[in-house]
Amino acid sequence: MNASDRTPADLLRSALAADPARPLITFYDDATGERVELSVATFANWVAKTANLLQGELSAAPGDRLALLLPAHWQTAVWLLACSSVGVAAEVGGDPADADLVVAGPDTLEAGLACSGERIALSLAPLGRRFPAAPAGYADYAVEVPSQGDRFAPFVPVDADAPALVVDGTERSGAQLVEQARADAAALGLAPGSRLLSGLDYDGWQGLSSGLYAPLAAGGSVVLCRNLDRLGADGLEKRVESERVTHTSR
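Below or above, wherever it landed, is the structure these notes cover. No experiment lies behind these values; they were computed from the predicted model shown. (Residues numbered from 1 in each chain as written. Predicted model: local features only at pLDDT ≥ 70, side-chain atom pairs only at ≥ 80, totals over all residues. Heavy atoms only, no water.)

Looking at the sheet that holds strand S1 (residues 23–29)
Counted only if it meets this: Strands qualify as paired when DSSP identifies two bridges or more between them. Working definition: helices are DSSP H or I runs of at least four residues, strands are E runs of at least two. Numbering for both runs from the N terminus. For helices, the fitted line uses only the C-alpha atoms of the stretch in contact; every axis is such a line through C-alpha atoms, and the angle between N-to-C directions lies from 0 to 180 degrees. Two residues qualify as a contact provided that any one of their heavy atoms is within 4.5 Å of a heavy atom in the partner residue.
The mixed open sheet is built from five strands, whose spatial order is S2-S1-S11-S10-S12. Whereas interior strands pair on both sides, the edge strands pair on one side only; in this sheet they are strand S2 (34–39) and strand S12 (247–249). For this sheet the average axis-to-axis angle between neighbouring strands, irrespective of direction, equals 15°. Running at roughly 90° to S2, helix H2 (residues 40–57) makes contact with S1 and S2 of the sheet.

Details of empty space enclosed by the protein
Condition: Put plainly, a pocket is an open set of points on a 1 Å grid over the protein atoms alone with protein on both sides within 12 Å along at least five of seven lines, a cavity is a set where a 1.4 Å probe fits but cannot get out, and a lining residue has an atom within 4 Å of a point. Grid points are joined across faces, edges and corners, and a volume is the space filled by probe spheres set on the points. Basically, the charged four are Asp, Glu, Lys and Arg, the nonpolar ten are Ala, Val, Leu, Ile, Met, Phe, Trp, Tyr, Cys and Pro, and anything else, Gly included, counts as polar.
Tallied over the entire structure, the rule returns two cavities of 30 Å³ or more. Empty space within the largest cavity amounts to approximately 40 Å³. Lining the largest cavity are Pro8, Leu80, Cys83, Ser84, Ala90, Ala164, Leu165, Leu177 and Tyr213. With three residues, the single largest contributor to the lining of the largest cavity is helix H3 (residues 74–86). Taken together, the residues of the lining of the largest cavity sort by class into eight nonpolar, one polar and no charged. The volume enclosed by the second largest cavity comes to roughly 40 Å³. What lines the second largest cavity is Gln75, Ala121, Leu122, Ser123, Leu124, Gly128, Arg129, Asp140, Tyr141 and Ala142.

Regarding the side chain of Lys49
On the secondary structure map, Lys49 appears in helix H2. Other than its neighbours up to four places away in sequence, Lys49 contacts Val145, Pro146, Gln148, Gly149 and Asp150.

Regarding the layout of surface pockets
In this structure, the largest pocket spans a volume of roughly 420 Å³. For the largest pocket, the lining is made up of 19 residues, of which Arg13, Leu16, Ala44, Ala48 and Phe152 are closest to its centre. Listed by contribution, the elements that provide at least two residues to the lining of the largest pocket are helix H1 (8–18), H2 and H3. Looking at the lining of the largest pocket, the element that brings in the most residues is H2, giving six residues. Tallied by class, the residues present in the lining of the largest pocket amount to 11 nonpolar, four polar and four charged.

Everything listed is a geometric property; what it means functionally is a separate question.
Here it is, written out as structure tokens:
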């Protein structure tokens, strides 16, 4: 990847320039049987649309704080990169009452109502389906995002030294996040083309790094598995083989 990259959004741009067609995230939910594979180009398109939603429709700006109340999921990864693109600090599991915006899933809708700012709800249903009706107090992500632009340009350049991510009580700037992701990738032995299977949740740095940032920094990809404990040893072995997994983090 490009040594000059200083934010997660920079890493994604470099990945897009290098090989837009290669897989970036392959997501499984072993509770529902869902499998979704996103190429770098498809993932970047989702990120651009979501960043446009953040900046244009929700009026988010650099320095704002977004409470991200979502599990390990491909759409969570999209929101993390969209926040980086705009310059919004994503607080994973953050307190909605202290946040400027909140993004919640089906299990965290009640908690998210404590946010006095804009609220976005994700159904997390297969194929990114919308809710039958938008939850009270929320806009439905699946309704709002499709009409957004496929290209994104921030109104204000993103400061790589500004807060980008808060998790485990630790705040990281974009530059610190990229530096740590590169170090984690090296420690895991990741290289361009590596396929890392992660069954870790996104509630801590290790899960976020293994499930997104380290593979992205290395020029690899992630097989992100939710509810992996339901798969069983034989099923896991078959998945490792079928997905050409080179590394695991469980």
